[in-house]
Amino acid sequence: MGEHDRWVARDAARVWHGFTQMACYAENAPVVVERAEGHELIDVDGNRYLDAISSLWVTTLGHRVPELDEAVRAQLERAAHTTLLGNGNRVVVELAEALARVVPVDDPHVLFASDGACAVEQALKIAFQHWRNRGVRGRERFLAFGGAYHGDTIGALSVGDGGFGAEVFEPLRFPVLRAPGFDDPECFPTAVRMVAEHADELAAVIVEPLVQGAAGMRIGPPEGFAALGQACREAGVLLICDEVATGFGRTGTLFASEQCALRPDLLCLGKGLTGGYLPMSATVAAGEVFASFLGPDLSERTFYHGHSYGGNALAAAVALRHLELLEARDVLANVRERSTELRGLLADRIAGLPAVRDVRLAGLMGGVELAGPPGARWGRRVCATAVRHGVLLRPLGDVVVLMPPLTVTSPELHRIVETLRDAVVAVTA
Ligand SMILES: *Cc1c(COP(=O)(O)O)cnc(C)c1O
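Residues numbered from 1 in each chain as written. Predicted model: local features only at pLDDT ≥ 70, side-chain atom pairs only at ≥ 80, totals over all residues. Heavy atoms only, no water.

Let's talk about the pairing of strand E1 (residues 33-37)
Part 1: Judged from the four bridges that link them, E1 and strand E2 (residues 40-43) form a sheet pairing that is antiparallel. Opposite Ala-36, over in E2, you have Leu-41 as the bridge partner.
Part 2: Between the end of E1 and the start of E2, which pair antiparallel, lie two residues, with Gly-38 showing a positive phi angle near 60 degrees. (Pairing = 2+ DSSP bridges. Helix = DSSP H or I, 4+ residues; strand = E, 2+ residues; numbered from the N terminus.)

Structure, rendered in structure tokens:
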């Protein structure tokens, strides 16, 4: 038994992996990471893998970035964590101020949590209570999109569309108004009509700006989002933008809302917020929403919600340094240049393969949809082949996801695309 097999056996015996059938975990040749360097993961046998999914879409500048490592160390000298319930922490104040300077939200106020789903839960509860606080009755429902994914807690699962095993929880999901998915060209005109028709019963609309990630990188037209934002304003319905996946430069601007001319009342952040270092998410509320929660001490206007580790100081320190580095290194310029290059490579080397149905890309958020026969599991098999050749990929069904770090280089992109091409050819021959 090699080191790998030994660790996989220990792993499978005790660790329950998310979104993973544990009965076949070991057979699917999992990578067991021991350490990482830059854009590469190194397993327990010393094999290296190019991390082309950014550790499930969270890593932005790579692993073991000296400045980010140092930010964690420096904060450790002060305090790892102190509660934000009724008390403050200096580095969290600094982070909230830095975020306020860059988020596309008017007069922003930041409520921190730890995972993207929690940021969504907070946004839903804030939107709901906002109308109660203002004495408005009946605005209790949400409008969400087909193909939406907002996380796995019950509220987030309710506004999310089906799929990914959500069906079993159907009795627990609260009903929502559902606009069509981004793959339907009528989705935005329909959503705009629904907002107008249901204005009096809607608390908020929730949408993933520009790209629905988990739906398989479905991209919507920027003008469609702008029309949706306008419809929400006119109907007085709150707009929640879920930028957990698209935030922090992933689509070529710091936030995808900017490309869609959206200024949400509530903005959900997660994944890239700490550069992939530590679990931190945030719900950013516009001043007008925040103001409806102000009232006498201990009054029912208060937002009675908060997580033990919300606003963790180590996470805040690394998130603050990460924001500075995004700007200092002009990371957005690299995203745009590499995106153009990747678009060309995918057109030349991937799109023409007979097994490929569609190629989609926004910034460095890409999906290659395979046209596999039912049950052939091409997505999984293509990714497994790529992993054997040192490029870590993970599919969404038959869509191979391409989510390299935002600092990916040109040679690395060539390597990812060539490895993917070889894997598609080998599996689908
Ligand atoms: C990943 C994701 C979430 C959930 O975030 P977690 O940190 O996994 O809870 C929510 N919304 C979108 C758009 C996401 O991509």
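There is more to say after this.
Considering the pairing of strand E11 (residues 266-269)
Part 1: Burial along E11 is two-sided: Leu-266 and Cys-268 and Leu-267 and Leu-269, pointing in opposite directions, are all buried.
Part 2: Pairing between strand E10 (residues 238-242) and E11: three bridges, direction parallel. Pairing of Ile-240 across the sheet is with Leu-266, part of E11.
Part 3: Pairing geometry for E11 and strand E12 (residues 281-285), over four bridges, is antiparallel. Residue Leu-269 lies in a different strand from E12, and its bridge partner there is Ala-282. (Buried < 20%, exposed > 50% of the residue type's maximum accessible area, 1.4 Å probe, protein only.)

Here we look at the sheet that holds strand E3 (residues 48-51)
Pairing between the strands of a sheet is mediated by backbone hydrogen bonds and can be parallel or antiparallel.
Part 1: In spatial order, the strands read E1-E2-E3-E15; together these four strands make up an open sheet with mixed pairing. The outermost strands of the open sheet, each flanked by one partner alone, are E1 and strand E15 (391-392).
Part 2: Note that E3 and E15 share two bridges and pair parallel. Each residue of the ladder has a partner; that of Asp-51, found in E15, is Leu-392.

Thoughts on the sheet that holds strand E13 (residues 356-362)
Part 1: The antiparallel open sheet is built from four strands, whose spatial order is E13-E14-E17-E16. For this open sheet the edge positions go to E13 and strand E16 (395-396), each flanked by a neighbour on one side alone.
Part 2: Relative to strand E17 (residues 399-402), E16 runs antiparallel, the two being bridged by two bridges. Across the sheet, the residue bridging to Pro-395 is Val-400, located in E17.
Part 3: Packing against the sheet, helix H14 (residues 410-428) makes contact with E13, strand E14 (365-370) and E17, and its axis sits at approximately 165 degrees to E17. (Contact = heavy atoms within 4.5 Å. Axes fitted to C-alpha atoms, helices over the stretch in contact; angles between N-to-C directions.)

Re the pattern of salt bridges
Part 1: Evaluation of the coordinates by the stated rule reveals 20 salt bridges.
Part 2: Residues participating in the shared-partner salt-bridge network are Arg-35, Glu-37, Glu-40, Arg-48 and Arg-415. (Salt bridge = Lys/Arg side-chain N within 4 Å of Asp/Glu carboxyl O.)

Considerations on the domain arrangement of the protein chain
Reports often express the size of an interface as the amount of accessible area lost when the parts come together.
Part 1: Assigned domains within the protein chain: domain 1 (31-61 + 330-428) and domain 2 (68-328).
Part 2: Inter-centroid distance (C-alpha atoms) of domain 1 to domain 2 is 27 Å.
Part 3: On the side of domain 2, 28 residues touch domain 1, which itself brings 28 residues to the contact.
Part 4: In total, domain 1 and domain 2 occlude about 2100 Å² of area from one another, counting both sides; carbon and sulfur atoms represent 65% of this.
Part 5: Summed over the shared surface of domain 1 and domain 2, the result is one salt bridge.
Part 6: Our count for the domain 1 to domain 2 interface comes out at twelve residue pairs in polar contact (both at pLDDT 80 or more). (Domains from an automatic or database assignment. Buried area = accessible area lost by both parts, 1.4 Å probe. Polar contact = N/O pair within 3.5 Å; in protein donor to acceptor, adjacent residues only side chain to side chain.)

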